[in-house]
Amino acid sequence: MADTSYKKRKLVIVSKTRFCIFLIIVFVIFLSIIASTFNNTNAKEKLGQSSLKIVSVQKGDTLWDISNKYAPRNMDKRKYIYEVRKINNMKSAYLLEGQKIKLPDF
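What counts as what
- Residues numbered from 1 in each chain as written.
- Predicted model: local features only at pLDDT ≥ 70, side-chain atom pairs only at ≥ 80, totals over all residues.
- Heavy atoms only, no water.
- Axes fitted to C-alpha atoms, helices over the stretch in contact; angles between N-to-C directions.
- Helix = DSSP H or I, 4+ residues; strand = E, 2+ residues; numbered from the N terminus.
- Parallel < 35°, antiparallel > 145°, perpendicular 65-115°, else oblique.
- Contact = heavy atoms within 4.5 Å.
- Nonpolar A, V, L, I, M, F, W, Y, C, P; charged D, E, K, R; others polar.
- Core = buried A, V, L, I, M, F, W, Y, C linked by side-chain atoms within 4.5 Å.
- Buried < 20%, exposed > 50% of the residue type's maximum accessible area, 1.4 Å probe, protein only.

### With respect to the packing of helix α2 (residues 63-70) against helix α3 (residues 77-87)
Direction vectors running N to C along α2 and α3 enclose 110°, while the axes themselves pass 9 Å from each other. In terms of orientation, α2 and α3 fall into the roughly perpendicular class. On the side of α2, the interface is formed by L63, W64, S67, N68 and Y70, while α3 contributes K77, R78, Y80, I81, V84 and R85. Counted by class, the contact of α2 with α3 contains 6 nonpolar, 2 polar and 3 charged residues.

Here it is, written out as structure tokens:
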């Protein structure tokens, strides 16, 4: 017959100071990961907010027209349009009269 009884094992902490140090290290690593995540997000938002220009769309404006007017001369217009669409979370390049869009200020 096979013995189906299992022995319950107890975990024993040999050194309480080592265990406390281990917990503190794990906690500090966890906090640093969370803090760095929030710092990176906030830095990107602050950078984006400080370097944005808000423009109101006029009748007949297209993203190409806006890029010709506001993009730096040495920058590819397609890249500028891509950045505008990314900043404004635009799924298409369609603009409405009176719409406010954020433009990167390079």
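### A short note on the nonpolar core
If you look at the biggest cluster of nonpolar residues, it comprises 13 residues, and the most contacted ones within it are L63, I66, Y80, V84, L95, I101 and L103. Within the residue set of this core, elements represented by two or more residues are α2, α3 and β2 (100-104). The biggest single contributor to this core is α3, with 3 residues.

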